[in-house]
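A look at the structure
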Amino acid sequence: MANDPLLGPVVVSADEIAARVVELGAEISKDYAERPPLLVGVLKGAFVFLADLARAISLPAELDFMAVASYGTATKTSGVVRIVKDLDIDLTGRHVIVIEDIVDSGLTLSYLRKSLLARGPESLSICTLLKKTGQQRADFDVEYVGFEIDPEFVIGYGLDVAERYRNLPDLRVYLAGEPE
Ligand code: 5GP
């Protein structure tokens, strides 16, 4: 992968991610000390982030996963999301933290958030590794943000293009731009 001509500059290095994940884990551990959270990872992009973040949280957290597909093109979400893999755990009365890889327009998370809130959790917050500056079209709070980045198409640390690059340790710009 090192000599892949489509791999652009590093946006966030593996070391910077590791340091920020420790901070986020400490913050969440403090905020949820009295109410152990259920971490809900949104597959597949958040799998690396969730694996690291979960180990930075010093609470008896539980984990579950869901997978969503957007009715749009590969990257331009329409805002209508289909749940491809649903959760195994009932959310009633739980303190849920949704773990996402990236918030771009925010439409995916907005839809997901509403659908999870309808299941009666005691609380629901969102933790995203990345948030693109100035791109959000949906109006909701994101409680925990790893990094705000410029609106470029990025890959690595779980984020893909057609299932590739997820295993890159750094976040990088994808030089071919956003795939259609
Ligand atoms: P939103 O609904 O916020 O516009 O889009 C969110 C989803 O689009 C993310 O969960 C991710 O799957 C995809 N996405 C948005 N921006 C990027 C990016 O820069 N790189 C990659 N690999 N996926 C992205």
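Scroll up to find the structure this text is about.
The text that follows walks through the structure, step by step, so that each part is easy to find. Just so it is clear, the model here is predicted, and its values are computed rather than measured.

So, how was this worked out
- Residues numbered from 1 in each chain as written.
- Predicted model: local features only at pLDDT ≥ 70, side-chain atom pairs only at ≥ 80, totals over all residues.
- Heavy atoms only, no water.
- Core = buried A, V, L, I, M, F, W, Y, C linked by side-chain atoms within 4.5 Å.
- Buried < 20%, exposed > 50% of the residue type's maximum accessible area, 1.4 Å probe, protein only.
- Contact = heavy atoms within 4.5 Å.
- Pairing = 2+ DSSP bridges.
- Helix = DSSP H or I, 4+ residues; strand = E, 2+ residues; numbered from the N terminus.
- Axes fitted to C-alpha atoms, helices over the stretch in contact; angles between N-to-C directions.
- Parallel < 35°, antiparallel > 145°, perpendicular 65-115°, else oblique.
- Left-handed = near helix turned anticlockwise from the far one by under 90°.
- Nonpolar A, V, L, I, M, F, W, Y, C, P; charged D, E, K, R; others polar.
- Salt bridge = Lys/Arg side-chain N within 4 Å of Asp/Glu carboxyl O.
- Phe/Tyr/Trp six-rings, centres within 6.5 Å; stacked < 30°, edge-to-face > 60°.
- Lys NZ or Arg CZ within 6 Å of the ring centre and 35° of its normal.
- Near = heavy atom within 4 Å.
- Polar contact = N/O pair within 3.5 Å; in protein donor to acceptor, adjacent residues only side chain to side chain.
- Areas by Shrake-Rupley, 256 points an atom, 1.4 Å probe, with all protein chains shown as cover.

1. Looking at the nonpolar core
In this structure, F49, L53, C127, L130 and L171 are the most contacted members of the largest nonpolar core, which totals 26 residues. In this view, L53 contacts V21, L24, G25, I28, I99 and C127; residues no more than four positions away in its chain are not counted. Counting residues in hydrophobic clusters, the runner-up holds 19 residues, among them V96, L112, L116 and A138.

2. Examining the sheet that holds strand β4 (residues 81-85)
Pairing in this open sheet of six strands is mixed, and the strands run β4-β3-β2-β5-β6-β7 from one edge to the other. A single partner strand is all that each edge strand has here, and the edge strands are β4 and β7 (144-149). Strand after strand, the sheet turns through a mean of 30° between neighbouring axes, direction not considered. In the sheet, strand β2 (residues 38-43) pairs with strand β3 (residues 62-70) via six bridges, with the strands oriented parallel. Bridging across to β3, L38 finds its partner in E62. Sheet strands in contact with helix α3 (residues 107-117) are β2, β3, β4, β5 (95-103) and β6 (123-132), and its direction is about 165° off that of β5.

3. Observations regarding the packing of helix α1 (residues 14-31) against helix α2 (residues 47-56)
At a minimum axis separation of 8 Å, α1 and α2 run at an interaxial angle of 55°. With respect to α2, the axis of α1 lies oblique. The interaxial crossing formed by α1 with α2 has right-handed handedness. Contacts between α1 and α2 involve V21, V22, L24, G25, A26, I28 and S29 on the former and, on the latter, F49, D52, L53 and A56. In terms of residue class, the contact of α1 with α2 is built from eight nonpolar, two polar and one charged.

4. Let's talk about the pattern of salt bridges
If you walk through the whole model with that rule in mind, you get nine salt bridges. The residue R164 makes a salt bridge to D4 at a minimum N-O spacing of 3.6 Å. Taken together, the residues R164 in the loop between β8 (154-155) and β9 (171-174) and D4 in the segment before β1 (7-12) connect sequence positions 160 residues apart. The exposure class of R164 is partly exposed, given its relative accessible area of 45%. Overall, the relative accessible area of 13% leaves D4 in the buried class.

5. Points about the packing of aromatic side chains
In the structure shown here, the tally under the stated rule is two aromatic pairs. Between the aromatic rings of F153 and Y174, the centroid separation amounts to 6.3 Å while the plane-to-plane angle is 65°, which identifies the pairing as edge-to-face. Note that F153 is positioned in the loop between β7 and β8 and Y174 in strand β9, a separation of 21 residues in sequence. Exposure remark for F153: the relative accessible area of 14% places this residue in the buried category. Pairwise contacts between aromatic rings join F153, Y165 and Y174 into one cluster. Over the ring of Y165 we find R164; its NZ or CZ atom is 4.7 Å from the centre of that ring.

6. Re the site of the ligand
Near the ligand you find 16 residues, and of these S105, G106, T108, K132 and V154 are the closest. One of the backbone N or O atoms of G106 is found 2.8 Å from an oxygen atom in the ligand. One of the side-chain nitrogen or oxygen atoms of T108 is found 2.5 Å away from an oxygen atom of the ligand. In isolation the ligand has 510 Å² of accessible area, and contact with the protein removes 88% of it. Looking at the shell around the ligand, the elements with two or more residues in it are β5 and α3. The greatest single-element share of the shell around the ligand, amounting to four residues, is contributed by β5. Residues of the shell around the ligand, tallied by class, amount to six nonpolar, four polar and six charged.

That's the geometry; what it means functionally is another story.
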